[in-house]
Amino acid sequence: MSKIALTELYPYILPELQGCPKPLVLQKIRQTLIEFCEQTWAWTEELDRQAIVAGVATYDLDIPAGGRIESVKLVEVNGIEMIPYEDYVFPGPAEITLLSTPTATSASSDDGLEVEVVMKPRRDCEQVPTCLFEDHYMTWAHGTLWRLKAMNKRLWTDLPGATYHNTFYWDGIAKAKVDQNRGKLAGPLTAKARFDWAL
C-alpha cells in the first residue's frame, strides 16, 4: 500500500499560520485525522486471510503500521460470517479470539479467517494511505486550521478564520459519510459543525 507523510499537508496549512511551530501543527493534524476517521469510517482495510489452526482460538491481526482499529466491519471463518460477542471478541488492540475453539485446520487457501476493519491513525502516526490523503487532504487542512486559529492569544489566532475553516471541515466530514454510505458501509450518517472550540 502506498503511503504519504502527514507533513505533505504543510503547504495547505502553514501559509495561514504566522509563527506557528511545526510540531504543534503536526499534533493538530493528527488530532484532526483521528477525529475524521472516527466520524467517517473512511479508512477501511481488508486484512490478509489467515489459516485457521485446530486448537487455536486467538489470532494476531496484521494491521497497517501507524494505525489502530476503530471498529470491525466483517469477520468470516471459512466463508461464514461471525457475530460479534457471540462468535468472537477482541482481547487486545490487534488480536481476535474465536469463542468456539476451532477443531479443524483450514482445508484450503480459500478457507480461513477473514477480517475487514475500520482504521484510524495512532497519535504518533507519521504516514497515511495515499488514496485516503488524495481524497480528503483539504478537509484535513480545514480541520487543522480550525483548531490552530481558534487557539487563544497566539500570533496566528483568528476566530473568524477558525469559524470559516470549521464549517468547511464539517462539510467535508458530512460528504465523506455520504460517500461511505453509498458504499454500503454502516458508519455514522450525520455531521454537525462544532463551535464550542473544545480542541
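Above this text is the structure in question.
Note that this is a predicted model, so its numbers are computed, not measured.

Some words on helix 2 (residues 22-40)
Turn by turn, an α-helix covers 3.6 residues, leaving residues three or four places apart pointing in a common direction.
Then, in step 1: Compared with an ideal rise of 1.5 Å per residue, which puts 19 residues at 27 Å, helix 2 spans 26 Å between its outermost C-alpha atoms and is within 8% of the ideal.
Then, in step 2: Backbone geometry just downstream of helix 2 places Trp41 in the positive-phi region, at approximately 55°.

Here we look at helix 3 (residues 130-149)
Then, in step 1: For helix 3, with 20 residues, the first-to-last C-alpha span of 27 Å sits near the 28 Å given by 1.5 Å per residue.
Then, in step 2: His136 marks where helix 3 bends most, by close to 70°.
Then, in step 3: The buried count for helix 3 comes to 15 of 20 residues, which makes it a mostly enclosed element.

Quick notes on the pattern of salt bridges
Then, in step 1: Applying the stated criterion to the full structure yields ten salt bridges.
Then, in step 2: Arg30 serves as the salt-bridge partner of Glu126, at 3.0 Å between the closest nitrogen and oxygen. Taken together, the positions of Glu126 in the loop between strand 8 (113-121) and strand 9 (127-129) and Arg30 in helix 2 put the pair 96 residues apart, joining distant regions of the chain.
Then, in step 3: Taking relative accessible area as the criterion, Arg30 reaches 15% and is therefore assigned buried.
Then, in step 4: Between Arg147 and Glu35 there is a salt bridge, with its nearest N and O atoms 2.9 Å apart. Remark: Glu35 occurs in helix 2 and Arg147 occurs in helix 3; sequence separation between them is 112 residues. Each member of the pair, Arg147 as well as Glu35, is classed as buried.
Then, in step 5: Residues joined in a network through salt bridges with shared partners are Glu16, Lys149 and Asp158.

Notes on the layout of surface pockets
Then, in step 1: In this structure, the largest pocket spans a volume of roughly 180 Å³.
Then, in step 2: Taken together, Ile52, Val77, Asn78, Met82, Glu86, Asp87, Leu98, Leu99, Ser100, Pro102, Thr103 and Ala104 form the lining of the largest pocket.
Then, in step 3: Residues belonging to the lining of the largest pocket are distributed by class as follows: seven nonpolar, three polar and two charged.

Structural notes on the sheet that holds strand 2 (residues 44-46)
Then, in step 1: Strand order in the open sheet formed by four strands is 2-8-4-5, with antiparallel pairing between adjacent strands. In this open sheet, the two strands that pair with only one neighbour each are strand 2 and strand 5 (80-81).
Then, in step 2: Across three bridges, strand 2 lies against strand 8 in antiparallel orientation. Paired with Glu45 across the bridge in strand 8 is Val117.
Then, in step 3: Packing against the sheet, helix 2 makes contact with strand 4 (67-77) and strand 8, and its axis sits at approximately 135° to strand 8.

Quick word on the pairing of strand 4
Then, in step 1: Bridge count between strand 4 and strand 8: nine bridges; the pairing is antiparallel. If you follow Ile69 over to strand 8, its bridge partner there is Met119.
Then, in step 2: Here strand 4 runs beside strand 5; their pairing, made up of two bridges, is antiparallel. If you follow Val77 over to strand 5, its bridge partner there is Ile80.

Digging into the packing of helix 2 against helix 3
Then, in step 1: Two elements in contact, helix 2 and helix 3, have axes separated by 9 Å at closest approach and are oriented at 120°. Viewed along their axes, helix 2 and helix 3 adopt a mutual orientation that is oblique. Crossing hand, helix 2 versus helix 3: right-handed. Along its contact with helix 2, which presents Leu24, Val25, Lys28, Ile29, Gln31, Thr32, Leu33, Glu35, Phe36 and Cys37, the element helix 3 presents Leu132, His136, Thr139, Trp140, Gly143, Thr144, Trp146, Arg147 and Leu148.
Then, in step 2: Looking at side-chain class alone, the contact of helix 2 with helix 3 contains ten nonpolar, six polar and three charged residues.

The rules behind the values
- Residues numbered from 1 in each chain as written.
- Predicted model: local features only at pLDDT ≥ 70, side-chain atom pairs only at ≥ 80, totals over all residues.
- Heavy atoms only, no water.
- Helix = DSSP H or I, 4+ residues; strand = E, 2+ residues; numbered from the N terminus.
- Expected span 1.5 Å × (residues − 1).
- Bend = angle between axes of the 7 residues up to and from the residue.
- Buried < 20%, exposed > 50% of the residue type's maximum accessible area, 1.4 Å probe, protein only.
- Salt bridge = Lys/Arg side-chain N within 4 Å of Asp/Glu carboxyl O.
- 1 Å grid on protein atoms, 1.4 Å probe; cavity = no way out; pocket = protein on both sides within 12 Å on 5 of 7 lines; lining within 4 Å.
- Points joined across faces, edges and corners; volume = space filled by probe spheres on them.
- Nonpolar A, V, L, I, M, F, W, Y, C, P; charged D, E, K, R; others polar.
- Pairing = 2+ DSSP bridges.
- Contact = heavy atoms within 4.5 Å.
- Axes fitted to C-alpha atoms, helices over the stretch in contact; angles between N-to-C directions.
- Parallel < 35°, antiparallel > 145°, perpendicular 65-115°, else oblique.
- Left-handed = near helix turned anticlockwise from the far one by under 90°.

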